[in-house]
Amino acid sequence: MITLADQFLVLVLLINFVALGTSRLIFSIRAVAAQGVILGILPALIHPFSWHLVGIILMILVTKGFVIPLLLNRAVRSAEIKREVEPFLGYVPTLLMGAVFTALSFAFAGKLPLLPEHQNYMFVPASMATLMTGFLVLTTRRKAISQVIGYLVLENGIFIFGLLLAEALPVMVEAGALLDLLVGTFVMGIVINHISREFSSLDTSRLTSLKEE
Amino acid sequence: MFSVLQGVCDPAVVALVAALVIGCAGIPGLFLRSPGPGQMFATCTTILASLAGLPAALILLFSPVTTTFILDWGLPFGPCELAIDPLSAFFLLPIFIVAAAGSLFALGYWPAKEHRATERGLTFFYGILAASMAILVTARNGAFFLMVWEIMALSAYFLLVTEHEREDVRRAGTVYLIATHTGSAALYVLFSLLAAQSGSFLLPAAGSLSALPPLAMMIAMATFIGFGAKAGIMPLHIWLPSAHANAPSHVSAMMSGVMLKMGLYGIFRTLTFFHDPPLIWGMVLTVAGISSALLGIAFAVAQRDMKRLLACSSIENIGIITTGLGVAMLGISSHNAPLAYLGMAGSLLHILNHSFFKPLLFLGSGAIIHAAGTREMNLMGGLAKGMPRSALLFLIGSVAICGIPPLNGFVSEFLLYFGFFSQIQASSLVYLVLLAPLLALVGGLAVVAFTKLYSSVFLGTPRSPGAAHPHEAGFAMLCPMGLFTLLCLLVGLLPQQALRLVAPALQSFMPQVAAVVNPAEYAFVLGRISLMVLTLVLIVVAVTLLWWWRVGRSRVTSAPTWGCGYQRGTARMQYVGTSFSELAVSVFNGIIRQRVKRPVLSGLFPGSSHCADKPSETLLERIIAPLFSLAGVSFAFLRRLQHGQMHVYMIYIFATLFILMLWAH
């Protein structure tokens, strides 16, 4: 089962590159939703069956695969933008940087003093790589919606790391983390709404005009 | 049943409940639609609670046992203890008196009908301020003390910025906020050190700590900075003049009459923890005290703003109290019991006296502002004709604050003089005698300052149209002023009784001294003073009656002051306050730096010109403000980090994470 989990993680890494390389917002929302669904299945592969686990998986699938993408799609439609044009850094350089960071995170994970049962699996490097990808998206994109996507990818990276501890985590903590994510998305949705109303665009670089002189 | 009754009648419970009731007095007003009833309710409640709390505090002052309560608060700072010992009870007296009087004054001074927008907040925070101070003096847990301290500081801030639409009020509020939090920072250090030394946040028992280790020196320094900033001892006084000047008058009365004393209470309380304090503590307190007194009153002489003058005179009085405390500490350190007794008695009595005459003067200034519509002394004049009762009460307050015999200010300063002169024949600390002429100089300057204030406000002819038609203050404003006047007279007439009031607090502060000294000896001296004062008062009354009798028999015509029958006199020919005080100010010009813009006169018939003066806040404007702007300039590069580019903020986080990862390698 663990090897299957590793293959799913490879899929997650590939989706990272999709999120980095595409300019179409709808497409990257779908990609992140797919990433969330995969992550929702993963705990089922590595942990023994329990009703607690089923509950968590269902919650993850509904939240990451359905609710959040729905919210984002609605935001994209109401803001009437389809593409992220003119990011701060072009798509090819970001892809290359994503590759470099993925390589670096594998190197870094190799040096970490991990438990022996975790050492041979891809959880830690995949988690780092996804986290870095999230950061890359957050820092290089201009539109507020892209930044929400970056935040979701970042959150997914943290979630992968949490999988290592899934058995130890009580259900309340996981539910809390999910709620956190949902609320974060809501808040960002409100922010998006306000940015587009105030500046009649979703360009976050215009926020500099809020700076106190 | 009996125990329940006893529990209810326990004076400590009564005092605490009274404090809480005062704190809640402003709450109903927050929810009432129509203006007026809320304020009326708050005033009635505050007065009733004070009437209950005052006898309770008096009983506690003379009770030999200290009642202790433990609050079950579930916070990780140890048990929260409340206790009212004589020292706490002594400080409760002015809190209850001034709170009630100020609350009544507010009815006339800040009526809800005219100040709909601000009255609710003002009434609410006024109650909170009074209650927090009452609870502060009972707190025996460091963490709880800090919380209540912070409530006190913040409610005072909200009271101070009542008229926040004015720029200078906001500025005064900011300066106050910075100063008070600098002090609070020192208090955090203080209570952490105390907790480190005694092992818990409970305040140490009296005399339980040794003053020898270097830690004690740190504690003393933190105490001086933290509590001194609140009390307004000289280098830490920067917030005081503008804050007192810009707050509504009854709030100024509360701040000056009571809140400054909370700083002093902190110093008193912390000093009780130590046995055998080193000589240097007393010296520092004495030097800081006498220099605050001297410079404070020198600044007061230079002021043009009536309330600023009163505020500077608060610095002076705090200085006198601190001098007394310092002298007492010197007495304890050198095992000179009479000196310690006199210093402490003078200091405590002056605390009480200052909380009588200073609120009287601040409330009086409120009445004047109502009548003349300005705080600027150079624009007033001749108000005594329109408001004779306020003028009389203000005059008595001014005499009291100058320390002139028939009134209470004299009594406490007399004890200090007595202490200084008792050192003439002593073998050690002879130099304390030198403090006597300094204190005399302070008293003399106080006379100059208050003569300037009284004469330019009440005497002469009006200097501006606004002051031309003054109206007498209403009953709600005159009544509290009358109460304070009565208290001033009472302490002046019966100083030996006032000494009895101070004795228990003194006993709890330094039991070993109180055991040696025979207070009857000093009470006897004060009894002589009492006789002398009585004679003086009788003479004054007799002369007044005689004068009235004479005036009543003859025909009276009224004319402008200094009119002398001349028809074309103008009010602009009078001396103004500034010209009155110019000589006294010029002596201290090195420190005060009064800036006078003099008219340039040329030719035989010079055209019209004008002259303006502005007293400067030397410490604030010359040292602290430049330091702040220097800090602003030297840290300007940090502002470049905050540019509003969201994604670059993300890069900051990313870079931090990356560096941490590399570092982990």
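Calculation criteria
- Residues numbered from 1 in each chain as written.
- Chains lettered and ligands numbered in written order.
- Predicted model: local features only at pLDDT ≥ 70, side-chain atom pairs only at ≥ 80, totals over all residues.
- Helix = DSSP H or I, 4+ residues; strand = E, 2+ residues; numbered from the N terminus.
- Rg over C-alpha atoms; globule rule 2.2 N^0.38 Å.
- Buried ≥ 20, exposed ≤ 12 C-beta atoms within 10 Å, placed from the backbone.
- Contact = placed C-beta atoms within 7 Å.
- Nonpolar A, V, L, I, M, F, W, Y, C, P; charged D, E, K, R; others polar.
- Core = buried A, V, L, I, M, F, W, Y, C linked by C-beta atoms within 7 Å.
- Expected span 1.5 Å × (residues − 1).
- Axes fitted to C-alpha atoms, helices over the stretch in contact; angles between N-to-C directions.
- Parallel < 35°, antiparallel > 145°, perpendicular 65-115°, else oblique.
- Left-handed = near helix turned anticlockwise from the far one by under 90°.
- Bend = angle between axes of the 7 residues up to and from the residue.
- pLDDT = per-residue confidence, 0-100.

Colleague: What is the right way to read the overall build of chain B from this model?
Modeller: Regarding its fold elements, chain B presents 27 helices and six strands. Computed over C-alpha atoms, the radius of gyration of chain B comes to 26 Å, within 12% of the 26 Å expected from 2.2 N^0.38 for 665 residues, which places it in the range of a compact globule. The buried share of chain B, taken over its 665 residues, is 49%. Nonlocal contacts in chain B, meaning residues at least 24 apart in sequence, comprise 80% of its contacts between residues at least 6 apart.

Colleague: Sorry, what's going on with the overall build of chain A here?
Modeller: For chain A, the count of helices and strands is eight helices and zero strands. Put simply, chain A runs from its N terminus to its C terminus through helices and strands in the order α-α-α-α-α-α-α-α. Taken against the 2.2 N^0.38 rule, which gives 17 Å for 213 residues, the C-alpha radius of gyration of chain A at 18 Å falls within 12% of a compact globule. The dimensions of chain A, computed from C-alpha atoms along their principal axes, are 50 × 35 × 35 Å. Looking at chain A as a whole, 36% of its 213 residues qualify as buried. In chain A, the share of contacts with a sequence separation of at least 24, taken over all contacts with a separation of at least 6, comes to 75%.

Colleague: What exactly am I supposed to notice about the interface of chain B and chain A here?
Modeller: Interface size is commonly expressed as the accessible area that is lost once the parts come together. With 10 residues of chain B at the interface, the matching set in chain A holds 13 residues. Within the side of chain B that touches chain A, the residues separate by chemical class into five nonpolar, five polar and no charged.

Colleague: Whenever I open this one, the nonpolar core confuses me. Can you help?
Modeller: Nonpolar side chains in soluble globular proteins tend to be buried together. Ranked by internal contacts, the top residues of the largest apolar core, which has 201 residues, are B:Ala15, B:Met133 and B:Leu383. Looking at this core element by element, the count peaks at 20 residues for helix H14 (residues 337–372) of chain B. Ignoring anything within four residues of it in the chain, the contact list for B:Ala15 reads B:Gly53, B:Ala56, B:Ala57, B:Leu60, B:Ile84 and B:Leu92. Counting residues in each nonpolar core, the second largest holds 45 residues, with A:Ile60, A:Leu131, A:Met132 and A:Leu138 among its members.

Colleague: Explain H14(B) to me, please; I cannot follow it from the model alone.
Modeller: Because an α-helix packs 3.6 residues into every turn, residues spaced three or four apart end up facing the same way. Residues and elements named next belong to chain B. Here H14 is 36 residues long and its end C-alpha atoms lie 51 Å apart, about the 52 Å a rise of 1.5 Å per residue gives. Across the 36 residues that make up H14, a large majority, 33, are buried. A positive backbone phi angle near 75° is found at Gly 373, which sits one or two residues after H14.

Colleague: What is the right way to look at the packing of helix H4 (residues 37–62) of chain B against helix H6 (residues 116–136) of chain B in this model?
Modeller: Two numbers describe a pair of packed helices, the interaxial angle and the distance between the axes. Residues and elements named next belong to chain B. Packing of H4 against H6 brings their axes to within 10 Å, and their N-to-C directions diverge by 15°. Judged on the interaxial angle alone, H6 and H4 are roughly parallel. The two elements H4 and H6 meet at a crossing, and its hand is left-handed. For the pair H4 and H6, the contacting residues are Gly 38, Gln 39, Ala 42 and Thr 46 in the first and Glu 119, Arg 120, Thr 123 and Gly 127 in the second. Here the residues of the contact of H4 with H6 sort into one nonpolar, five polar and two charged.

Colleague: Please clarify how the environment of A:Ile29 should be interpreted in this entry.
Modeller: Residues and elements named next belong to chain A. For Ile 29, the position within the fold is in helix H2 (residues 25–46). For Ile 29, a count of 24 C-beta atoms within 10 Å translates into the label buried. For the pair Ile 29 and Ile 149, spaced 120 residues apart in sequence, the C-alpha separation works out to 6.8 Å. The residues touching Ile 29, leaving out its near neighbours within four places in the chain, are Pro 69, Leu 72, Asn 73 and Ile 149.

Colleague: How should helix H11 (residues 249–272) of chain B be read in this particular structure?
Modeller: Residues and elements named next belong to chain B. The end-to-end C-alpha distance of H11 is 34 Å, a good match for the 34 Å that 24 residues give at a rise of 1.5 Å each. Approximately 35° is the largest bend angle found in H11, and it occurs at Met 255. Burial runs high along H11: 23 of the 24 residues are buried.

Colleague: Which parts of the structure should I look at to understand the confidence of the model for chain B?
Modeller: Low pLDDT means the predicted atomic positions in that stretch should not be read closely. Residues and elements named next belong to chain B. Chain-level pLDDT for chain B is 87 on average; 98% of the residues reach the 70-or-more range. Predicted confidence is poor over residues 1–5, with pLDDT under 50, and the contacts of this stretch with residues over four places away or in other chains come to zero contacts. Across the assembled chains, the prediction reports ipTM 0.76 with pTM 0.80.

Colleague: What should I look at first to understand the environment of B:His335 in this one?
Modeller: Within the secondary structure layout, B:His335 lies in the loop between helix H13 (306–333) and H14. Residue B:His335 is classed as partly exposed on the basis of its 13 C-beta neighbours within 10 Å.

Colleague: Any chance you could explain the packing of helix H5 (residues 86–109) of chain B against helix H19 (residues 475–493) of chain B here in plain terms?
Modeller: Residues and elements named next belong to chain B. Where H5 contacts H19, the axes come no closer than 7 Å and their chain directions differ by 150°. For the element pair H5 / H19, the angle class is roughly antiparallel. Crossing of H5 over H19 shows left-handed handedness. When H5 is examined against H19, the residues Ala 101, Gly 102, Leu 104, Phe 105, Leu 107, Gly 108 and Tyr 109 are found in contact with a partner set consisting of Ala 476, Met 477, Cys 479, Pro 480, Leu 483 and Phe 484. Of the residues in the contact of H5 with H19, the class split is 11 nonpolar, two polar and no charged.

Colleague: Honestly, the environment of A:Phe135 in this entry has me stumped. Any pointers?
Modeller: Summarising the element assignment, A:Phe135 is placed in helix H6 (residues 123–140). We classify A:Phe135 as buried; it has 23 C-beta atoms within 10 Å. Setting aside its immediate chain neighbours within four residues, A:Phe135 contacts A:Leu154, B:Met650 and B:Phe654.

Colleague: For this particular structure, what's the right way to read unusual backbone geometry?
Modeller: Across residues other than glycine, the phi torsion is negative in most instances, and most of the peptide bonds are trans. Residue and element names in this part refer to chain B. Even without glycine at this site, Asp 276 takes up a positive phi of about 35°. Taking the C-beta count within 10 Å as the criterion, Asp 276 has 11 such neighbours and is therefore assigned exposed. Even without glycine at this site, His 335 takes up a positive phi of about 55°.

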